[in-house]
Amino acid sequence: MARQLRAEQTRATIITAAADLFDRHGYESTSLSDIVAHAKVTKGALYFHFAAKEDLAQAILELNAKAGRQLVAEVESRGCSSLEALMRTTFGVARLAVEDPVPRAALRLATADIAIRPPLRHPFAVWLEFATRKFNQAVREADVHSDVDVGIVAHSLVSFFVGTRVAGRSLEPTGRLPRRVAEMWHLLIRGLVPVHRRPRYVTLATQLEREIRTV
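Residues numbered from 1 in each chain as written. Predicted model: local features only at pLDDT ≥ 70, side-chain atom pairs only at ≥ 80, totals over all residues. Heavy atoms only, no water.

### Notes on the UniProt feature "DNA-binding region" (unreviewed entry) in the protein chain
Moving on, step 1. Per the UniProt annotation, the sites labelled "DNA-binding region" (unreviewed entry) are residues 31-50.
Moving on, step 2. Here residues 31-50 is 75% helix and 0% strand, with 13 Å between the C-alpha atoms at its ends. (UniProt positions renumbered as here; feature names shortened; annotations may be inferred. Helix = DSSP H or I, 4+ residues; strand = E, 2+ residues; numbered from the N terminus.)

And the structure:
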């Protein structure tokens, strides 16, 4: 049992070290030797868990997908409106990115030419489906104008969110991400939400950003 626990801890250490380097330097610019040095493990320990760098990338993407599913399940359990659930999910992803190198690395891997092995799906496709479903529901709940093209809006949201994180990597610290997500939502709310419902969601965006900053 103790040996198994040590093996699991070593694997987690290697993944975290790889994620940190992939996030800061990119997948192609990071070698297995870099990861070994950063994780402070032996090459034998790394190869015991991962035969190649591609396996590490897959493990990071799988962990990120699991965290995303857990986040969505937690938000859905609140029983809130569809638009609120979508907002809470985007801020939740922002919080994960601030706190953990794995989500940050997963984004960088998703924007690189990294093959994603089935049954895992590309995270952007998963996000797009989720956003499309939530916007469709928000239209039915009268929180979003009925004449919007939901497909365009969902695609714009995902592109806006991903672009904010990609640009932010070079322009500002990760801790600025919650502010950028709030700014994104303030713009979207003005264009999508009927006037009489806007105050609720503007207030929610400000509240969710504040919650991340105070954690």
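Once you've had a look at it, read on.
### Topic: the layout of surface pockets
Moving on, step 1. Size it by volume and the largest pocket reaches roughly 580 Å³.
Moving on, step 2. What lines the largest pocket is a set of 28 residues, and nearest its centre among them are G68, V93, P123, V126 and W127.
Moving on, step 3. In terms of residues, the lining of the largest pocket owes the most to one element, helix α4 (residues 53-76), which gives 8 residues.
Moving on, step 4. One number sums up the size of the second largest pocket: a volume of about 270 Å³.
Moving on, step 5. In terms of lining residues, the second largest pocket is bounded by 13 residues, among which L71, E74, R88, G92 and R95 are the most central.
Moving on, step 6. If you list the elements that add at least two residues to the lining of the second largest pocket, you get α4, α5 (82-99) and α10 (198-214).
Moving on, step 7. Broken down by element, the residue count for the lining of the second largest pocket peaks at 5 residues, all from α5.
Moving on, step 8. Residue composition of the lining of the second largest pocket, by class: 6 nonpolar, 2 polar and 5 charged. (1 Å grid on protein atoms, 1.4 Å probe; cavity = no way out; pocket = protein on both sides within 12 Å on 5 of 7 lines; lining within 4 Å. Points joined across faces, edges and corners; volume = space filled by probe spheres on them. Nonpolar A, V, L, I, M, F, W, Y, C, P; charged D, E, K, R; others polar.)

### Quick word on helix α2 (residues 32-39)
Moving on, step 1. L32, I35, V36 and A39 are the residues of α2 that are buried. Axial view of α2: buried residues confined to an arc of 100 degrees, hence all on one face.
Moving on, step 2. Count one or two residues on from α2 and you reach K40, which has phi positive near 60 degrees. (Buried < 20%, exposed > 50% of the residue type's maximum accessible area, 1.4 Å probe, protein only. Arc of directions from axis to C-beta.)

### Examining the packing of aromatic side chains
Moving on, step 1. Under the definition given, this model contains 3 aromatic pairs.
Moving on, step 2. Ring centres 5.2 Å apart and planes at 55 degrees place the aromatic pair F22 and Y27 in the tilted group. The residues F22 and Y27 share a single accessibility class, namely buried.
Moving on, step 3. Between F124 and W127, the aromatic rings sit 5.6 Å apart at their centres with planes inclined by 45 degrees, giving tilted as the arrangement. Residue F124 and its partner W127 are located together in helix α7 (residues 123-140), separated by 3 residues, close to a single helical turn.
Moving on, step 4. Through successive ring pairs, a cluster of aromatic residues spans F124, W127 and F161.
Moving on, step 5. The side chain of K53 reaches across the aromatic face of Y27, ending 4.4 Å from its centre. (Phe/Tyr/Trp six-rings, centres within 6.5 Å; stacked < 30°, edge-to-face > 60°. Lys NZ or Arg CZ within 6 Å of the ring centre and 35° of its normal.)

### Focus on helix α8 (residues 150-171)
Moving on, step 1. With 22 residues, α8 extends 31 Å between its outermost C-alpha atoms, agreeing within 8% with the 32 Å of an ideal straight helix rising 1.5 Å per residue.
Moving on, step 2. For α8, the set of buried residues is V150, V153, A154, L157, V158, F161, V162, T164, R165 and G168. Taken around the axis of α8, the buried residues stretch over an arc of 155 degrees, which confines them to a single face. Facing away from the buried side of α8 by more than 90 degrees, the exposed set consists of I152, S170 and L171.
Moving on, step 3. Buried residues along α8 sit against α5, α6 (101-110), α7 and α9 (177-192).
Moving on, step 4. Here α8 starts with a cap whose side-chain oxygen sits 3.1 Å from the backbone nitrogen of G151, and that cap is D149. (Expected span 1.5 Å × (residues − 1). Contact = heavy atoms within 4.5 Å. Polar contact = N/O pair within 3.5 Å; in protein donor to acceptor, adjacent residues only side chain to side chain.)

### Things to note about unusual backbone geometry
Moving on, step 1. In this model, P118 is joined to P119 through a cis peptide bond whose omega is 10 degrees.
Moving on, step 2. Assignment of secondary structure puts P119 in the loop between α6 and α7.
Moving on, step 3. Positive phi, normally seen in glycine, also occurs at A142, with a value near 65 degrees.
Moving on, step 4. Tracing the backbone through its elements, the reader meets A142 in the loop between α7 and α8.
Moving on, step 5. Here A142 falls in the partly exposed class, since its relative accessible area comes to 37%.

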